[in-house]
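# Results of the structural survey
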Amino acid sequence: ADAAAADTCCALKYGNALSECSSATDLAGTAGCCPAGFLHRYSIGSDGNEDTTKWDCISFMSQTDCTAYSWSAPWGTETPIWMSFQCPHFLPTPAPTPAPTPAPTPMPTPQP
C-alpha cells in the first residue's frame, strides 16, 4: 500500500551505483540487495529522470513503519532512512504526442 505522501519514501538504498551490490553490472544483478516488499528499480533522481547506472530499493510505507523497519541482510542488519522529499514515486508522465496528420485522400481522376 502506498502510505507515503508524494515525493516521500522509505529508502534502504537510493541512487546507489549498480556495482555497489556484489559488483553488479545490471539491475537484475542488484535484486539480492533489496528485500521482498520493497520496490527495486532504476534510480529516479529528484529531477524526475531515470538513471540506468544506479538503483533504488524503496518502499512507500508510512514514516512510522519505516522507522521501525530493519532487514536482516546476508551481510548484516540494514535500516532504512525516511526521505521526506526528492523521492518520486513514478517517472513523470511525458507530454502527449500529437497524432500524425493523415495524408490527404487523392481526388479521383475525372474520366472523359
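Right above here is the structure, for reference.
Below: a short report on this structure.

Conventions and cut-offs
Residues numbered from 1 in each chain as written. Predicted model: local features only at pLDDT ≥ 70, side-chain atom pairs only at ≥ 80, totals over all residues. Heavy atoms only, no water. Salt bridge = Lys/Arg side-chain N within 4 Å of Asp/Glu carboxyl O. Helix = DSSP H or I, 4+ residues; strand = E, 2+ residues; numbered from the N terminus. Buried < 20%, exposed > 50% of the residue type's maximum accessible area, 1.4 Å probe, protein only. Pairing = 2+ DSSP bridges. Axes fitted to C-alpha atoms, helices over the stretch in contact; angles between N-to-C directions. Phe/Tyr/Trp six-rings, centres within 6.5 Å; stacked < 30°, edge-to-face > 60°. Core = buried A, V, L, I, M, F, W, Y, C linked by side-chain atoms within 4.5 Å. Contact = heavy atoms within 4.5 Å.

### Looking at the pattern of salt bridges
Per the counting criterion, the structure on display carries two salt bridges. In this structure, the salt-bridge partner of Asp 56 is Arg 41, at a minimum N-O distance of 3.0 Å. Of this pair, Asp 56 sits in strand 3 (residues 50-59) while Arg 41 sits in strand 2 (residues 39-44), and the two are 15 residues apart along the sequence. Neither Asp 56 nor Arg 41 differs from the other in exposure class; each is buried.

### Section: the sheet that holds strand 6 (residues 81-83)
Pairing is antiparallel in the open sheet, where four strands are placed in the order 2-3-1-6. Edge positions in the sheet fall to strand 2 and strand 6, since each has one partner strand and no second. In this sheet, neighbouring strand axes are inclined to one another by 50° on average, regardless of whether the strands run parallel or antiparallel. Pairing analysis gives five bridges linking strand 1 (residues 9-17) to strand 3, with the strands arranged antiparallel. Within the sheet, the bridge partner assigned to Ala 17 lies in strand 3 and is Lys 54.

### Let's talk about the packing of aromatic side chains
According to the stated counting rule, one finds two aromatic pairs in the structure shown. Each ring, one from Phe 38 and one from Tyr 69, has its centre 5.0 Å from the other, and the planes form 50°; the classification is tilted. Note that Phe 38 is positioned in the loop between strand 1 and strand 2 and Tyr 69 in the loop between helix 1 (63-68) and strand 4 (71-73), a separation of 31 residues in sequence. By relative accessible area, Phe 38 is classed as buried at 11%. Judged by centre distance (5.5 Å) and plane angle (90°), the ring pair of Trp 71 and Trp 75 falls under edge-to-face.

### Side note on the nonpolar core
Of all hydrophobic cores here, the largest spans 14 residues; its most connected members are Cys 10, Leu 12, Cys 34, Phe 38, Trp 55, Cys 57 and Met 61. Counting residues per element, the ones that place at least two in this core are strand 1, strand 3 and strand 4. With residues up to four places along the chain from it excluded, the contact list for Met 61 reads Ala 3, Ala 4, Cys 10, Phe 38, Cys 66, Tyr 69 and Trp 82. Ranked by size, the runner-up nonpolar core spans seven residues in total, among them Cys 9, Ala 11, Met 83 and Cys 87.

### Observations concerning unusual backbone geometry
We note that Ser 22 has phi near 55°; this positive angle belongs to a residue other than glycine. Checked against the element boundaries, Ser 22 lands in the loop between strand 1 and strand 2. The exposure class assigned to Ser 22 is exposed, which follows from its relative accessible area of 68%. At Ser 23, a residue that is not glycine, the phi angle is positive and equals roughly 55°. For Ser 23, the position within the fold is in the loop between strand 1 and strand 2.

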